Amino acid sequence: MVDYDVIIVGGGAAGLTSAIYTVRAGLSTLLVEKELFGGQIALTEGIENYPGFESIQGKDLVDKILAQAKKQGVKTKVGNVQSITTKGKEKIVEIDNEKVSTRAIVLAVGSTPRKLDVVGREEFDGKGVHYCVMCDGPLYKDRVCAIIGGGDAAIKESLSLAKIAKKVFVIHRREGLRAEKRWQDLALATKNIEFIWNSEVRGFFGEKFLDSIKIFNSKTNKESVLELSAVFTYIGHVPNTKSFDFKKDARGYFVVDKSYQTSEEGVFAAGDCVAGNHTQIATSVGAGAAAGMSVINYLHLKE
Ligand SMILES: Cc1cc2nc3c(=O)[nH]c(=O)nc-3n(C[C@H](O)[C@H](O)[C@H](O)COP(=O)(O)OP(=O)(O)OC[C@H]3O[C@@H](n4cnc5c(N)ncnc54)[C@H](O)[C@@H]3O)c2cc1C
């Protein structure tokens with residue numbers, strides 16, 4: 001007798017959706033989250049491309065999905081899943097120091113922000129170097145800040161930061177942005193946002209807290225110093241897959257088959273931790289639903 005039919009690891013868009021599907025099929029479902037239910041959704045403000053909501057705050061969307069999951073009967077637990085092992089027909093999930101058994105697993109562990117590998121970064125992490133405007137932006141009211149990156153998250157968050165900070169520099173290593181045109185247009189039209197193109201940050205400096213950064217311009221081949229109080233980096237993500245020994249691609253993302261099953265029978269994966277996911281809420285929700293349905297089929301076939 002196992003503790004749960006299904007254990008979902010990760011409480012972001014993908015995990016919550018898988019859980020809603022499995023619990024509605026009558027499978028006892030435990031969803032384990034190590035930090036923040038909602039994952040990356042909880043770290044963003046205006047979401048305008050998730051169908052059904054013209055514009056919604058990340059926190060509000062999380063509250064709705066979490067309430068829906070709990071109402072359907074999903075059990076939730078705060079804990080860090082350390083390992084997964086197979087014992088006959090059972091899978092043993094080690095959550096902190098506790099061992100819980102299950103028949104199937106969905107790994108929806110997502111990803112965490114990539115950090116710059118330059119001088120001073122580690123020293124000033126949390127002391128001027130940050131990864132979440134929503135969490136740490138308010139610390140820098142009326143100060144000078146920078147965003148590093150040129151994708152959707154970077155440009156969207158520069159707009160949020162521009163409402164708090166006196167001035168926001170957006171430092172991007174190319175000339176031209178990858179972000180959605182709507183966000184680009186808004187950022188380019190915002191008076192206190194200034195773009196620094198073709199540039200990379202080469203170092204973080206200060207006494208106790210960050211007070212300047214060194215920038216290298218690849219077009220002029222020149223270095224310059226920019227005085228500021230904080231930098232928020234949005235330069236991509238690293239998948240949270242290290243603890244799990246299933247097939248991955250060269251960048252560490254899980255490789256799954258058409259049914260979202262990993263290289264281990266009964267272990268499925270969905271969302272931003274899977275190779276080829278388009279790192280959007282809608283794609284993660286879609287993958288979570290598909291993985292949940294595959295778990296249902298898998299367990300029915302086993303009966
Ligand atoms: C600033 C920002 C703005 C964004 N804006 C948009 C937008 O406007 N529209 C859009 O569609 N997308 C947006 N995205 C992207 C979108 O949020 C993500 O693609 C999506 O939410 C990923 O969902 P996920 O469930 O796959 O992963 P995640 O949200 O990363 O969730 C994974 C969860 O798993 C947990 N976890 C990891 N390892 C373990 C473990 N070992 N044990 C237990 N729990 C674990 C993590 O704590 C996390 O909560 C944005 C992202 C960011 C960062």
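Basis of the calculations
Residues numbered from 1 in each chain as written. Predicted model: local features only at pLDDT ≥ 70, side-chain atom pairs only at ≥ 80, totals over all residues. Heavy atoms only, no water. Core = buried A, V, L, I, M, F, W, Y, C linked by side-chain atoms within 4.5 Å. Buried < 20%, exposed > 50% of the residue type's maximum accessible area, 1.4 Å probe, protein only. Helix = DSSP H or I, 4+ residues; strand = E, 2+ residues; numbered from the N terminus. Contact = heavy atoms within 4.5 Å. Disulfide = S-S within 2.5 Å. Near = heavy atom within 4 Å. Polar contact = N/O pair within 3.5 Å; in protein donor to acceptor, adjacent residues only side chain to side chain. Areas by Shrake-Rupley, 256 points an atom, 1.4 Å probe, with all protein chains shown as cover. Nonpolar A, V, L, I, M, F, W, Y, C, P; charged D, E, K, R; others polar. Expected span 1.5 Å × (residues − 1). Arc of directions from axis to C-beta.

A. Up close: the nonpolar core. With 35 residues, the main nonpolar core has Leu31, Ile41, Ile47, Leu61, Ile281, Val295 and Leu299 as its most contacted residues. Those elements giving two or more residues to this core turn out to be β1 (4–9), α1 (13–24), α2 (58–72), β8 (98–107) and α7 (281–302). Among the elements that line this core, the one with the most residues is α7, at 8 residues. Setting aside residues up to four positions removed in sequence, leucine 61 forms contacts with Ile41, Ile47, Tyr50, Phe53, Ile56 and Ile281.

B. Expanded view of the state of the cysteines. All chains considered together, the criterion is met by 1 disulfide. In this model cysteine 132 forms its disulfide with cysteine 135; the gap between the sulfur atoms is 2.1 Å. What sets the handedness of the cysteine 132 and cysteine 135 disulfide is the S-S torsion sign, and at about 75° it is right-handed.

C. Seen up close, the site of the ligand. Neighbouring residues of the ligand: 34 residues in total, closest Glu33, Gln40, Lys156, Asp272 and Ile281. Glutamate 33 is positioned with one of its side-chain polar atoms (N or O) 2.6 Å from an oxygen atom of the ligand. Between an oxygen atom of the ligand and a main-chain N or O atom of leucine 36, the distance comes to 3.4 Å. Protein contact buries 94% of the 1,000 Å² of open area that the ligand shows by itself. Considering each element in turn, the shell around the ligand owes the most residues, 3 residues, to helix α5 (residues 152–162). Taken together, the residues of the shell around the ligand break down into 12 nonpolar, 16 polar and 6 charged.

D. A look at α2. For α2, with 15 residues, the first-to-last C-alpha span of 21 Å sits near the 21 Å given by 1.5 Å per residue. The complete set of buried residues in α2 reads Gly58, Leu61, Val62, Ile65, Leu66 and Ala69. Projected down its long axis, α2 shows its buried positions confined to an angular sector of 125°, all on one face. Where α2 is buried, its residues contact α1, β3 (46–47), β4 (56–57) and α7. Among the residues trailing α2, glycine 73 stands out with phi positive, at a value near 115°.

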